[in-house]
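Residues per chain are reported as follows:
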Amino acid sequence: MKLLLNVIKNIEVLESHGNVDISISAISLSNKDIVENALFTAIVGNVTDGHKFIPDVISKGAKVIVYQNELENYEHGVTYVRVRDTKAALGVIAHNFYDRPSFKLKLFGITGTNGKTTTATLLHQLFLNLGHKTGMIGTVVNKINDKSIDAVRTTPDQINLNRLLAEMVDAGCEYCFMEVSSHAVSEKRISGLHFAGGVFTNLTHDHLDYHKTIENYFNTKKTFFDGLHEASFVLSNIDDERGRDMVADTKAKKYFYGLKTHADFFNRLETKLLGEFNAYNALAVYATAHILGMDSEKIKNILAELEPVEGRFNYFKSANGVTGIVDYAHTPDALVNVLKTVQEMKKDGKIITVVGCGGDRDKAKRPIMAKIAYDMSDIVILTSDNPRTENVEDILSDMKAGIHSESIEVNNVVHIIEDRHMAIAMACELTQSGDFILLAGKGHEKYQEVNGVKNHFD
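Residues numbered from 1 in each chain as written. Predicted model: local features only at pLDDT ≥ 70, side-chain atom pairs only at ≥ 80, totals over all residues. Heavy atoms only, no water.

## Here's the deal with the environment of C173
Argument step 1. Tracing the sequence through the fold places C173 in the loop between α5 (158–170) and β12 (175–179).
Argument step 2. In this structure C173 comes out as buried when scored by relative accessible area, which is 4%.
Argument step 3. For C173 and H132, which are 41 residues apart along the polypeptide, the C-alpha to C-alpha distance reads 7.5 Å.
Argument step 4. Leaving out residues up to four positions away in the same chain, C173 has contacts with K104, L105, K133, T134, G135, I144, N145 and M168. (Helix = DSSP H or I, 4+ residues; strand = E, 2+ residues; numbered from the N terminus. Buried < 20%, exposed > 50% of the residue type's maximum accessible area, 1.4 Å probe, protein only. Contact = heavy atoms within 4.5 Å.)

## Here's the deal with the packing of aromatic side chains
Argument step 1. Applying the stated criterion across every chain yields a total of 18 aromatic pairs.
Argument step 2. Summarising the aromatic geometry, the rings of F97 and Y98 are spaced 5.2 Å apart at their centres and angled 80 degrees between planes, so their arrangement reads as edge-to-face.
Argument step 3. Residue classification places F97 among the buried positions, given a relative accessible area of 9%.
Argument step 4. Accessibility expressed as a relative area gives 19% for Y98, which makes it buried.
Argument step 5. An aromatic cluster is defined as three or more aromatic residues linked by ring pairs; in this entry it consists of F108, F127, Y175, F177, F233, Y255, F265 and Y286. (Phe/Tyr/Trp six-rings, centres within 6.5 Å; stacked < 30°, edge-to-face > 60°.)

## Points about the sheet that holds strand β6 (residues 64–67)
Argument step 1. Here we have 5 strands laid out as an open sheet, ordered β2-β7-β6-β5-β4, and mixed in their pairing. Of all strands in the sheet, those bounded by a partner on one side alone are β2 (13–17) and β4 (26–28). Here the strands of the sheet are splayed against their neighbours by 15 degrees on average, with no regard to which way each runs.
Argument step 2. The pairing of β2 with strand β7 (residues 79–83) spans 4 bridges and is classified as antiparallel. Within β7, the residue paired with V13 across the bridge is V83. (Pairing = 2+ DSSP bridges. Axes fitted to C-alpha atoms, helices over the stretch in contact; angles between N-to-C directions.)

## A closer look at the pairing of strand β10 (residues 141–144)
Argument step 1. Summarising the sheet, strand β9 (residues 134–137) and β10 pair through 2 bridges and their orientation is antiparallel. Bridge pairing links M136 to K143 in β10.
Argument step 2. Between β9 and β10, which pair antiparallel and follow one another directly, the connecting turn spans 3 residues.
Argument step 3. Summarising the sheet, β10 and strand β11 (residues 147–150) pair through 4 bridges and their orientation is antiparallel. Paired with K143 across the strands is S148, a residue of β11.

## Overview of the nonpolar core
Argument step 1. Grouped together as the largest cluster of nonpolar side chains are 33 residues, with contacts concentrated most on L126, F127 and L235.
Argument step 2. Only β8 (106–111), α4 (116–129), β12, β14 (233–237), α10 (276–291) and α11 (296–303) provide two or more residues apiece to this core.
Argument step 3. A per-element tally of this core places α10 first, with 7 residues.
Argument step 4. The contact partners of F127, leaving out residues within four places of it in the chain, are H132, T134, Y175, F177, A289, L292 and M294.
Argument step 5. Y217, V234, A252 and A263 belong to the second largest nonpolar core, which has 30 residues in total. (Core = buried A, V, L, I, M, F, W, Y, C linked by side-chain atoms within 4.5 Å.)

## What to know about the layout of surface pockets
Argument step 1. Put simply, the second largest pocket is a space of about 370 Å³.
Argument step 2. Together, 19 residues line the second largest pocket, and V326, I424, L439, G443 and D458 are the ones closest to its centre.
Argument step 3. Among the residues making up the lining of the second largest pocket, the classes are represented as 8 nonpolar, 5 polar and 6 charged. (1 Å grid on protein atoms, 1.4 Å probe; cavity = no way out; pocket = protein on both sides within 12 Å on 5 of 7 lines; lining within 4 Å. Points joined across faces, edges and corners; volume = space filled by probe spheres on them. Nonpolar A, V, L, I, M, F, W, Y, C, P; charged D, E, K, R; others polar.)

## Considering the side chain of S191
Argument step 1. Along the polypeptide, S191 turns up in the loop between α6 (182–186) and β13 (197–200).
Argument step 2. Polar side-chain contacts of S191 include one of 2.7 Å to the backbone oxygen of A88.
Argument step 3. Setting aside residues up to four positions removed in sequence, S191 forms contacts with A88, G91 and V92. (Polar contact = N/O pair within 3.5 Å; in protein donor to acceptor, adjacent residues only side chain to side chain.)

## Focus: the state of the cysteines
Argument step 1. Counting across every chain of the model gives 0 disulfides.
Argument step 2. Between C173, a cysteine without a disulfide, and C176, which holds the nearest cysteine sulfur, the sulfur-to-sulfur distance is 7.5 Å. (Disulfide = S-S within 2.5 Å.)

## Comments concerning helix α13 (residues 365–376)
Argument step 1. For α13, with 12 residues, the first-to-last C-alpha span of 16 Å sits near the 16 Å given by 1.5 Å per residue.
Argument step 2. Residues K365, R366, M369, A370, I372, A373 and M376 constitute the buried set of α13. One side of α13 carries all its buried residues, which in axial view fall inside an arc of 160 degrees. (Expected span 1.5 Å × (residues − 1). Arc of directions from axis to C-beta.)

## A word on the sheet that holds strand β18 (residues 351–355)
Argument step 1. The 6 strands lie next to each other as β16-β17-β21-β18-β19-β20, forming an open sheet whose pairing is mixed. Because the sheet does not close on itself, it has two edges, and the strands there are β16 (314–317) and β20 (414–416). Strand-to-strand twist of the sheet, defined as the mean angle between neighbouring strand axes without regard to direction, takes the value 15 degrees.
Argument step 2. Contacting β18, β19 (379–382) and β20, α13 runs over the sheet at an angle of about 165 degrees to β18.

Written as structure tokens, this is what we have:
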């Protein structure tokens, strides 16, 4: 049990009704997991307004309601706490409830369109190899030292995030490297957390279905760096056109890394990772560890032995000399970077790219990605990704718009196959020795989401 007054500490309370000098047993943002004496936070979401569940959670035993919209009734025996923004308040509430775990380890946020997962994963592996107990929060998996915990989304909700950090503290973790998505910043999932530093990888076209404009997308990510404190540091990619602006207003100490512009960190490193995009990721990892006082030679030696991250440019070679590459590339910039690397690897063979775009997401990038695949490959197979609740034909129609209609009609250059399994099979049938197949878009995922159902697909 936790004292309510301690749990709502550092929150601006607009008004309250009922007894605030009570204890609570749990915190929740869902009406599905309410227990006796729980605190329920009514989140105003994009689809559902949590305020409508207040009567239900009270009937299930909730004793404290944190809300932001005016209420008509206040039930006897229930404490009501009104705040300006329940999403932001929940972050602080969760942090307090779990005894402020981000102050008990060094928490670092990695944000950017591409490279978050590779950078966070390599940092986690590097610090474990350097002998430090380390946690990781990411798209593919969450880690507490060597223990793996399935990741539901890139950045967990406020409650699960703080619970996970508390588990890391209990396990003795000194560091945690965390992917910070733009959605997480916008939805206040990181509210209340104390970051020791932040890394900016790059900013390219993505999530415009959510942010609407690239400026909104930029400003959302910038908010993360603007909120860092004076004792922390930022590491930013100076080669990205937004690299300086992203950290212009931060109070944190600034460092820059780059491959094309002189910066605090600009040295090349020997790794098992392929491609210029991975050179940036590796350099960000090296720089972060160096800033944190790790031995340079040890960093280099360990980085040279680390394996590629699952679903991030994993490559395989068949007995007859065909190379297959699986990569999560689901943005225009990521697809360009991966195909550039494939072109550099290729000698005389051809490149066959299998690519789709996710449903219920940014439609503007669909024709762009199809055109990139067409321009940089010898054969393109447009197929499904995670259609979610959208019709696959509609998604493919959007993609086709990026390729001249006469090109689609040319035999053996552009194929459209809705079934991803059949699309991959066709790609294999079209190969000869020396060819490359790129499977883009689904990387580490072991499922395909169709009409709200996740079907096994590896």
